[in-house]
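Report on the structure
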Number of protein chains: 4
Amino acid sequence: MKFPILIINFKAYENSYGEKALQLSKSIDKVARESGIEIVVAVPSTMIHRISKEVSIPVFAQHVDAVPEGAHTGAVTPEMIKEAGAAGTLVNHSERRVRADEIDDVIKRSRRLGLETIVCVDRYELVVPIGLLGPDAILVEPPELIGTGVSVSRARPEVITNAVEMVQKVKGLKLIVGAGISTGDDVYTSIKLGAHGIGVASAVMKSKDPSKVVREFVEGAKRAVSERITGT
Amino acid sequence: MKFPILIINFKAYENSYGEKALQLSKSIDKVARESGIEIVVAVPSTMIHRISKEVSIPVFAQHVDAVPEGAHTGAVTPEMIKEAGAAGTLVNHSERRVRADEIDDVIKRSRRLGLETIVCVDRYELVVPIGLLGPDAILVEPPELIGTGVSVSRARPEVITNAVEMVQKVKGLKLIVGAGISTGDDVYTSIKLGAHGIGVASAVMKSKDPSKVVREFVEGAKRAVSERITGT
Amino acid sequence: MKFPILIINFKAYENSYGEKALQLSKSIDKVARESGIEIVVAVPSTMIHRISKEVSIPVFAQHVDAVPEGAHTGAVTPEMIKEAGAAGTLVNHSERRVRADEIDDVIKRSRRLGLETIVCVDRYELVVPIGLLGPDAILVEPPELIGTGVSVSRARPEVITNAVEMVQKVKGLKLIVGAGISTGDDVYTSIKLGAHGIGVASAVMKSKDPSKVVREFVEGAKRAVSERITGT
Amino acid sequence: MKFPILIINFKAYENSYGEKALQLSKSIDKVARESGIEIVVAVPSTMIHRISKEVSIPVFAQHVDAVPEGAHTGAVTPEMIKEAGAAGTLVNHSERRVRADEIDDVIKRSRRLGLETIVCVDRYELVVPIGLLGPDAILVEPPELIGTGVSVSRARPEVITNAVEMVQKVKGLKLIVGAGISTGDDVYTSIKLGAHGIGVASAVMKSKDPSKVVREFVEGAKRAVSERITGT
């Protein structure tokens, strides 16, 4: 992953699968190529193969099961998503929480396979503990703001600043923040506050013009980066 | 589904995904076409689309989540598997059990989408209760025999005869039995005892020559059917 | 259990444990004795022993685990609650759902121990399937009304009438209804519609005068019964 | 808690509840008083009140639910066990695992109530991450050895030495080790290797003479301590 980064979680929205998801992925891919900003799409397991064949951006799973290969009906394993073309996976999203030992298992197995992991947590206090398990990034999202359109950067900026402080204690760990991110300014502010990227779902998936929203987010990210470079 | 039927559950075995799974599916497809016996493959969600494009037999999911479309990270919904090419889904496998209300939700939503459902139970006492919720078939598997190579038809034939008695109380319901099925004789006996089909996983997935095993199973099924027709 | 019946679920409210719970139980016991209407209290596992020693009404657990005796840290088994003085247990409350096989396990083990079981379901379609497993009663509660003060008898009377129709298909099964029950009229209407009892939690537990609420409920139940007797 | 310490987990064994559990607790209490070694009993929630009234040693719950007070049927909250007389609780036992956010919730709420927490983990890699959340002690148990009688100190001493190294990174954190502990020598070795205590279940609960086993454990602990003092 290259930072700053936008993570777009397709979740199980009606445009998260099938032809709509393919078109959406291609348009996001186009924005990423034009802007030079890294964008990851986290898609349903049924779509990983089809989408990853069509785009150059990294395609992530939204969840994998921490079970070894074998007699595990219904499991989606790290090996399966890797083979299907995934570059990584989300882990422990607040809509699909797993246990601490499972987080450790998934991170270790993913790393061995060359898959990247972004572990979601619901509070900044978990950034260091989970960060020590060695994921590529931590995505902090206060669950009460998810899907509200009230962004963490406006409503609870202290979650970001606290998490920024925490993430610096773990060497190499990157911080992504999310929940309610809905404008380019939210992205700009989050990155200015010290985040390495943002996670978003409903603002893109429920938009009538998702490309436009993504482009706006990318602009927010670029603005924050350029100010960092110029020192403003 | 057409009966008698063989359900081959790929589970998460190392040949359940990727090129190996595609080749295996094609060879099973060939046996099905040559024999005229219906065979269903239940495959990982990442593989549904690729396999269903390549074969004419029904491809099933191994599990779906009972959540509606929307903000449900990591979910595999009935709509997603339908779009990917699935003809149906297993529900409530002993390795992926769900609650009674979720079974009801999945059956209802699947039916609306034209997906077939095979609900697994671990005891014959659940055949009627779960059968009343309206699945296409019930798959009875004593979990302690799964993967052992000691078949339910040899070790616990009373599970089959009890389940046969139960299934007749629910109009239109079909009975599939499984656990430890490993020879053509196991298939023959199961169907002779009154089952409409058998479920199998390890005997096929862990075999060095899976096609041969499937062919043997098909022969067992044909033998049982022909005796039924000739009345022996 | 004697019908009509009131089930008062203490849940984990701040007065569900300790001295407050003991006083509340005693005052409910008094109403039950004075009115002759059967009232069950479902209390936290830490309180079963203390409350059951102090009252003559049946004390239920709110949940038991379907595990056998042995190495099961944190489990509350049917044997444990029996020994503590419980007369029965709720099973599968919408706030503590369990799987179909676990419901079957709990019912069988409870019956063997002489414990009564009231299985909660969230829809009338589950009354017959779960009823066939042999619980003493089914408690139907549309979860969207729980805790709202908008009663199932006012907002969704068809849930009750449908459930009444269903429960008659299972010999000996009793029907309790709940969700939003908050007045004596709600109790009266529920029983008039055919229920054998009602389940309640917040209306009692969050009341400033719980005895008064319980007394009002008892009056509603008595009114319905007397009309049934006199044929009005 | 005072160290070295023995944690005796009653689990759900047939003598974990009722009169047998009371007698067992009293005999353990006697050994603790006579030896001066701290012993904690972790008992079923139905027994906390009765046992804590009868003994002077700390009584722990085996599990608490991370839910706030309110509409949570079947929950056992920190407040409930506190009121019943518990001094603390086990958290995240391998037979009752919970999520990382739940571990954090339980630790915080317990501390506020003056309850001690011992968080179980299945690998030494989790000692620091979970330790950072602030429990009083971490109990490391390789699950594959639990209940085997093959002790972690004999079969996998490196788990202990690795955990000892880890626990020193978190100020004030204590390390307890367990799984298969069955002799006084196991206790002695564990403490000599650097653990602050041991956890045990089956060796005591399934013994015909539990007091004798506990006394032997206490002797092992005392021997390790005296050698530490005399520098042998």
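Quick notes on the rules
Throughout this description, residue numbers start from 1 for each chain and increase along the sequence as written. For this description, chains carry letters from A and ligands carry numbers from 1, given in the order in which they are written. Given that this is a predicted model, residues contribute local features only at a pLDDT of at least 70 and side-chain atom pairs are listed and counted only at 80 or more, while totals for whole chains, interfaces and linings are drawn from all residues. Here the side-chain values reflect all heavy atoms present in the structure, with hydrogen atoms and water set aside. UniProt positions are given in the numbering used here, feature names are shortened, and annotations may be inferred rather than shown by experiment. In what follows, a contact means two residues having at least one pair of non-hydrogen atoms within 4.5 Å. When two parts are put together, the accessible area they lose, computed with a 1.4 Å probe and summed over both, is reported as buried area. Salt bridges are identified by distance alone: a Lys or Arg side-chain nitrogen within 4 Å of an Asp or Glu carboxyl oxygen. Polar contact criterion, stated in full: a pair of N or O atoms within 3.5 Å, where within protein one must be able to donate a hydrogen and the other to accept it, and residues adjacent in sequence count only if both atoms are side-chain atoms. Helix and strand assignments follow DSSP, with helices taken as H or I runs no shorter than four residues and strands as E runs no shorter than two, numbered in order from the N terminus. All copies are superposed by least squares; the fitting set is the C-alpha atoms of residues with a pLDDT of at least 70 in both. Relative accessibility under 20% of the residue-type maximum defines a buried residue, over 50% an exposed one, and the middle range a partly exposed one, all with a 1.4 Å probe and only protein chains included. Strand pairing is defined by DSSP finding a minimum of two bridges between the two strands. Here, axes are lines fitted to C-alpha atoms. For helices the fit covers the stretch in contact, and angles between N-to-C directions go from 0 to 180 degrees. Two aromatic rings, drawn from Phe, Tyr or Trp (for Trp, its six-membered ring), form a pair once their centres lie within 6.5 Å of each other, and the interplanar angle then sorts them: stacked below 30 degrees, edge-to-face above 60, tilted otherwise. As a reminder, the over-ring test applies to NZ of lysine and CZ of arginine, requiring each to be within 6 Å of the ring centre and within 35 degrees of the ring normal. Asp, Glu, Lys and Arg are counted as charged, while Ala, Val, Leu, Ile, Met, Phe, Trp, Tyr, Cys and Pro are counted as nonpolar; the rest, among them Gly, fall into the polar class. Each residue after the first adds 1.5 Å to the expected span of a helix. Handedness of a helix crossing follows the sense of rotation of the near helix relative to the far helix, less than a right angle counterclockwise being left-handed and clockwise being right-handed. In predicted models, pLDDT denotes the confidence assigned by the predictor to each residue on a 0 to 100 scale. Orienting the strands away from the viewer, one traces the path from the first strand over the helix to the second; a clockwise path indicates a right-handed crossover.

An unreviewed UniProt entry annotates chain A as Triosephosphate isomerase originating from Metallosphaera yellowstonensis MK1. According to the UniProt record, the Sequence similarities (unreviewed entry) comment for chain A is "Belongs to the triosephosphate isomerase family." UniProt, in the comment section headed Subunit (unreviewed entry), describes chain A in these words: "Homotetramer; dimer of dimers."

Quick look at the interface of chain C and chain D
Taken together, the contacts link 34 residues of chain C with 35 residues of chain D. In total, chain C and chain D occlude about 2900 Å² of area from one another, counting both sides; carbon and sulfur atoms represent 55% of this. For the interface between chain C and chain D, the tally reads two salt bridges. Where Arg50(D) meets Glu83(C), a salt bridge forms, and the shortest distance between an N and an O atom there is 2.9 Å. Here chain C is connected to chain D by 18 residue pairs in polar contact (both at pLDDT 80 or more). Those elements that provide at least two residues to the side of chain C that touches chain D are α1 (18–35), α2 (48–54) and α3 (78–84) of chain C.

Here's the deal with the relation of the copies chain C and chain D
Of the transformation superimposing chain C on chain D, the axial component is 0.0 Å and the angular component is 180°, with the fit at an RMSD of 0.0 Å. Here the symmetry operator amounts to a two-fold rotation axis. When each C-alpha of chain C is compared by its distance to the rotation axis, Thr46(C) comes out closest, at 2.4 Å. Here 100% of the interface residues in chain C have copies in chain D that are interface residues too; the copies meet face to matching face.

Brief notes about the relation of the copies chain D and chain A
When chain D is fitted to chain A, the residual RMSD is 0.0 Å, and the transformation amounts to a turn of 180° plus an axial shift of 0.0 Å. Most of the interface of chain D is mirrored in chain A: 100% of its interface residues are interface residues there too.

Observations concerning the pairing of strand β6 (residues 137–140) of chain B
Residue and element names in this part refer to chain B. Here β6 shows no split at all, with Ala137 and Leu139 on one side and Ile138 and Val140 on the other all buried. Note that strand β5 (residues 116–121) and β6 share four bridges and pair parallel. Paired with Val121 across the strands is Val140, a residue of β6. The sheet contact formed by β6 and strand β7 (residues 174–178) spans four bridges and is parallel. Looking at the pairing, Ala137 lines up with Lys174 of β7.

Thoughts on the environment of Ile176(C)
All names here are of chain C. Along the polypeptide, Ile176 turns up in strand β7 (residues 174–178). On a C-alpha basis, the gap between Ile176 and Ile138 in space is 5.9 Å, while along the polypeptide they are 38 residues apart. Discounting residues that sit within four places of it in the chain, Ile176 has contacts with Ile5, Ile7, Ile118, Ala137, Ile138, Leu139, Val140, Gly197, Ile198 and Gly199.

Some points on the sheet that holds strand β4 (residues 88–91) of chain A
Residues and elements named next belong to chain A. The strand order around the closed barrel built from eight strands is β1-β2-β3-β4-β5-β6-β7-β8, with neighbouring strands paired in parallel fashion. For this sheet the average axis-to-axis angle between neighbouring strands, irrespective of direction, equals 25°. By the bridge criterion, three bridges tie strand β2 (residues 38–43) to strand β3 (residues 59–61) in an arrangement that is parallel. When the sheet's bridge partners are listed, Val41 is paired in β3 with Val59. Across the sheet, helix α4 (residues 100–113) lies against β4 and β5 (116–121), angled at about 160° from β5, the strand it touches most.

Re the side chain of Ser25(A)
Of note, Ser25(A) is situated in helix α1 (residues 18–35). When sequence neighbours within four positions are dropped, the list of residues in contact with Ser25(A) reads Phe10(A), Ile51(A), Val55(A) and Ile57(A).

Overview of the packing of aromatic side chains
Two aromatic rings, taken as a pair, are described by how far apart their centres are and by the angle between their planes. All chains considered together, the criterion is met by zero aromatic pairs over all chains. The ring centre of Tyr188(A) lies 4.1 Å from the NZ or CZ of Arg223(A), which sits over that ring.

Considering the UniProt feature "active site" (unreviewed entry) in chain A
In the numbering used here, UniProt assigns the "active site" (unreviewed entry) feature to His93(A) and Glu141(A). For the annotated residues, spread through 49 residues, the largest C-alpha to C-alpha distance comes to 8.9 Å, consistent with a single compact locus. Assignment of secondary structure puts His93(A) in the loop between β4 and α4. Looking at His93(A), the relative accessible area reads 3%, which means it is buried. Residues within four places of His93(A) in sequence aside, it is in contact with Asn9(A), Lys11(A), Cys120(A), Glu141(A), Ile146(A) and Thr73(B).

Digging into the sheet that holds strand β1 (residues 5–9) of chain C
Residue and element names in this part refer to chain C. If you trace the eight strands once around the closed barrel, you get β1-β2-β3-β4-β5-β6-β7-β8, paired in parallel fashion. Sheet twist, expressed as the mean angle between neighbouring strand axes with direction ignored, is 25°. Relative to strand β2 (residues 38–43), β1 runs parallel, the two sharing five bridges. Directly across from Ile8, in β2, lies its bridge partner Val41. Running over the sheet, helix α10 (residues 210–230) touches β1, β2 and β8 (197–200) and is turned about 155° from β1.

Notes on the interface of chain D and chain A
Each partner contributes residues to the interface: chain D has 17 residues there, and chain A has 17 residues. Across the chain D/chain A interface, buried area totals approximately 1500 Å², and carbon plus sulfur atoms make up 60% of it. Summed over the three residues of chain D that lose the most area to chain A, namely Arg99(D), Asp101(D) and Arg123(D), the buried surface amounts to 31% of that side. Here Asp101(D) ties to Arg97(A) by a salt bridge, and the two come within 2.6 Å at their closest N and O atoms. The interface formed by chain D and chain A holds eight residue pairs in polar contact (both at pLDDT 80 or more) in total. Put simply, the parts of the chain that give the side of chain D that touches chain A at least two residues each are α4 (100–113) and α5 (127–131) of chain D. The greatest single-element share of the side of chain D that touches chain A, amounting to five residues, is contributed by α4(D). Across the side of chain D that touches chain A, the residue classes tally to eight nonpolar, no polar and nine charged.

Considering helix α10 (residues 210–230) of chain D
Relative to the 30 Å expected for 21 residues at 1.5 Å per residue, α10(D) spans 30 Å between its end C-alpha atoms, a close match to the ideal helical length. Lining the buried residues of α10(D) we find β1 (5–9), α1 (18–35), β2 (38–43), α8 (184–192), β8 (197–200) and α9 (202–205) of chain D.

Details of the packing of helix α8 (residues 184–192) of chain C against α10(C)
All names here are of chain C. The interhelical angle for the contact between α8 and α10, taken along N-to-C directions, is 30°, at an axis separation of 7 Å. Every pair of crossing elements has a handedness; the one defined by α8 and α10 is right-handed. Of the residues in α10, those in contact with Gly184, Asp185, Val187, Tyr188, Ile191 and Lys192 of α8 are Glu216, Phe217, Gly220, Ala221, Arg223, Ala224, Glu227 and Arg228. Taken together, the residues of the contact of α8 with α10 sort by class into six nonpolar, two polar and six charged.

Examining the confidence of the model for chain A
The share of residues in chain A with pLDDT of 70 or more is 99%, and the mean pLDDT across the chain is 94. Interface confidence in the predicted complex, given as ipTM, is 0.95; pTM for the same model is 0.95.

Comments concerning the side chain of Thr117(B)
Residue and element names in this part refer to chain B. Along the chain, Thr117 turns up in strand β5. Its relative accessible area of 2% is what places Thr117 among the buried residues. Not counting residues within four places of it along the chain, the set of residues in contact with Thr117 comprises Thr89, Val91, Val106, Ile107, Ser110, Pro135, Asp136 and Ala137.

A look at the pairing of strand β5 (residues 116–121) of chain D
Residues and elements named next belong to chain D. Burial analysis of β5 places six of its six residues in the buried class, the great majority of the element. On β5, burial covers both faces: Glu116, Ile118 and Cys120 on one face and Thr117, Val119 and Val121 on the other are all buried. Examined bridge by bridge, strand β4 (residues 88–91) and β5 share four bridges and lie parallel to one another. Bridged to Leu90 within β5 is Ile118. A crossover connection joins β4 to the parallel β5 through α4; in handedness this β-α-β unit is right-handed.

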